[in-house]
Amino acid sequence: MTEHLVVVGGDAAGMTAASQARRRRGPEQLRITAFERGAFTSYSACGIPYWVGEVVAGRDRLIARSPEQHRARGIEVRTGTEVVELDLANRRVRSIEAATGRESWTDYDQLVLATGAEAVRPQLPGFDAPGVHTAHTLPQGGALLDALAAEPEGPAVVVGGGYIGIELVEALLLRGRRVTLVCRSDEPMPSLDQELGALVRARMVELGVEVVAGAAALEVLLGPDGRPRAVRSTAGEHPARLVVLGTGVRPRTALAREAGLALGAHGGLRTDPRMRVLDADGRAVDGLWAGGDCVEVRQLVSGEFAHVALGTHANKHGLVIGANLTGEPLEFPGVVGTAVTKLCELEIGRTGLNARQATAAGLDWTAVTTTGSTRARYYPGSTQVTVRLLAERGTGRLLGGQLVGGPGTAKRVDAVAVALGCGLTVERLLFQDLGYAPPFAPVWDPVLAAARALAGRLRG
């Protein structure tokens, strides 16, 4: 008897799950239907700022696999069709085709929810006006590009100082715009501790960005044409003909909530390590799976659930789901919260807990901040890197790491991430056998030099 797998959401988690299931089961064993409310599947939302900044030449470069390519592999993809209701008791979903308005019910044996996340748009005056943009989807990125082309000059304001905000600041600088950044946090990049966030601010100022930190945006002031003329914040008015929001994302889980499924503190679905959806009592719901930006995941350092919207995790979730629903046991262990980005040539990496998070988790922690170089100091092209490591007093357990510096900085965070995933102490990290040659690192890699300093502090 042929089973029917239904996938809601046609991006990383959903289509990876569908593709993995198809590799393991042929069409005679498993029919697969994927619903996607938009026109695109399997694309890199993380690449949109680089498309906007004209680093990436064209939208299609961001698309990993089109609906037609998925169909050629035996997956029925229904684009322009939104699932609007889940009937979990009868194992069916109701969908609406945008072009025709036609509604239909589709039965399933296994259901994967991969509805992703949605950009947060503040419910404040003027934030819904033309000329106020987000850049979370390909159509949104295209609309921002159209706006830049229509009005190639004029000041821009970016609201929000996290990863997306930083990347959009870079994109606008590359387009020759005068940019103001407005952010609530005391420094840009609130996932960093304040002293490293200050390094990001300093580089922004050097690049000509006006940084308005510690200020909340209150209103987009509109001109006679109904488009932005300024953003008003708690710090004053900031001229703007274009406003771009980098105010974060939240899980897109209204469909799941309306079906009676339990949501976590961050608004996401919770799953077990096999990515089976959990009910309010923590029991796995039979035949129901979820992955990607609509779920909360276990933060391995704190032990708490967190919402971490990254394509890397979404693809792994899909791999795990596709394996499990076709009979191969596989588990997703959790995350340590690793992320990297850049502002022009300044690279930024972080993983684990920062000071605020470690305190909130009730941990007794200490930290060191050190500076080093990305290569042997005598080797051409060496740049400075600042490293901050946190550890738990008493146990010496590594808790987190942050790096800010020139080219060659960001991916050094991976060594810290692996150490966190393995539960290493700072001393164990200190003696890890990292690669060394003058073109790539000094004798004491900046991460190991920081671990050495932190180990000394822990020993008192």
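Thresholds, definitions, all that
- Residues numbered from 1 in each chain as written.
- Predicted model: local features only at pLDDT ≥ 70, side-chain atom pairs only at ≥ 80, totals over all residues.
- Heavy atoms only, no water.
- Helix = DSSP H or I, 4+ residues; strand = E, 2+ residues; numbered from the N terminus.
- Expected span 1.5 Å × (residues − 1).
- Buried < 20%, exposed > 50% of the residue type's maximum accessible area, 1.4 Å probe, protein only.
- Pairing = 2+ DSSP bridges.
- Axes fitted to C-alpha atoms, helices over the stretch in contact; angles between N-to-C directions.
- Phe/Tyr/Trp six-rings, centres within 6.5 Å; stacked < 30°, edge-to-face > 60°.
- Lys NZ or Arg CZ within 6 Å of the ring centre and 35° of its normal.
- Patch = residues over 30% accessible without salt bridge, like charges linked within 9 Å, V, L, I, M, F, W, Y side chains within 5 Å.
- Areas by Shrake-Rupley, 256 points an atom, 1.4 Å probe, with all protein chains shown as cover.
- Salt bridge = Lys/Arg side-chain N within 4 Å of Asp/Glu carboxyl O.
- Arc of directions from axis to C-beta.
- Polar contact = N/O pair within 3.5 Å; in protein donor to acceptor, adjacent residues only side chain to side chain.
- Contact = heavy atoms within 4.5 Å.

> So what's going on with helix α1 (residues 12-24)? Which residues, and what values?
A rise of 1.5 Å per residue sets the reference length of α1, with its 13 residues, at 18 Å; its end C-alpha atoms lie 18 Å apart and thus fit the reference within 8%. Of all 13 residues in α1, 11 are buried; the element is thus mostly enclosed. Inspection of α1 places Ala 12, Ala 13, Gly 14, Met 15, Thr 16, Ala 17, Ala 18, Ser 19, Gln 20, Ala 21 and Arg 22 among the buried residues, and these make up the whole buried set.

> An account of the sheet that holds strand β6 (residues 103-107) is requested, with residue identities and associated values reported.
Taking strand neighbours across the sheet as the criterion, the three strands line up as β4-β5-β6 in an open arrangement whose pairing is antiparallel. The open sheet has two edge strands with one neighbour each: β4 (81-87) and β6. Neighbouring strand axes in the sheet, compared pairwise and without regard to direction, differ in orientation by 30 degrees on average. Note that strand β5 (residues 92-97) and β6 share five bridges and pair antiparallel. In the sheet register, Ser 95 faces β6, and the bridge partner there is Ser 104.

> Now, about the pairing of β6: what can you tell me, with residues and values included?
Taking every second residue as pointing to the same face, the buried face of β6 carries Ser 104 and Thr 106, while none of Glu 103, Trp 105 and Asp 107 on the other face is buried. Turn length for the β5-β6 hairpin, with the two strands adjacent in sequence and antiparallel, is five residues, and the turn residue Gly 101 shows positive phi of about 75 degrees.

> How would you explain the packing of aromatic side chains if you had to name every residue and give the values?
According to the stated counting rule, one finds one aromatic pair in the structure shown. Here Phe 40 and Tyr 43 contribute two aromatic rings whose centre-to-centre distance is 6.5 Å and whose plane-to-plane angle is 80 degrees, an arrangement assigned as edge-to-face. Overall, Phe 40 belongs to the buried group, its relative accessible area being 19%. One residue, Arg 92, lies across the ring of Trp 105, its end atom 3.8 Å from the ring centre.

> Break down a nonpolar patch on the surface for me, citing the residues and quoting the values.
Among the surface-exposed residues, Tyr 378, Tyr 379, Tyr 436, Val 443 and Trp 444 lie close enough to one another that they form a single nonpolar patch of about 590 Å² accessible area. Note on placement: Tyr 378 falls in the loop between β25 (365-373) and β26 (384-392). For Tyr 378, a relative accessible area of 63% translates into the label exposed.

> Describe helix α6 (residues 194-206), listing the residues and the values that go with them.
With 13 residues, α6 should cover 18 Å at 1.5 Å per step; its first-to-last C-alpha distance of 18 Å lies within 8% of that length. Residues of α6 that are buried include every one of Leu 196, Gly 197, Val 200, Arg 203 and Met 204, and no others. Here the buried residues of α6 occupy an arc of 115 degrees about the axis, which is enough to place them on one side. Seen from the buried face of α6, the exposed residues on the opposite side, beyond 90 degrees, are Gln 194 and Glu 206. Count one or two residues on from α6 and you reach Gly 208, which has phi positive near 95 degrees.

> Please provide a residue-by-residue account of the side chain of Ser 42, values included.
Secondary-structure assignment places Ser 42 in the loop between β2 (30-36) and α2 (48-52). In this structure the side chain of Ser 42 is engaged in a polar contact, spanning 2.9 Å, whose partner is the side chain of His 70. Other than its neighbours up to four places away in sequence, Ser 42 contacts Gly 10, Asp 11, Met 15, Leu 62, Ile 63, Ala 64, Arg 65 and His 70.

The analysis is restricted to geometry; functional conclusions fall outside its scope.
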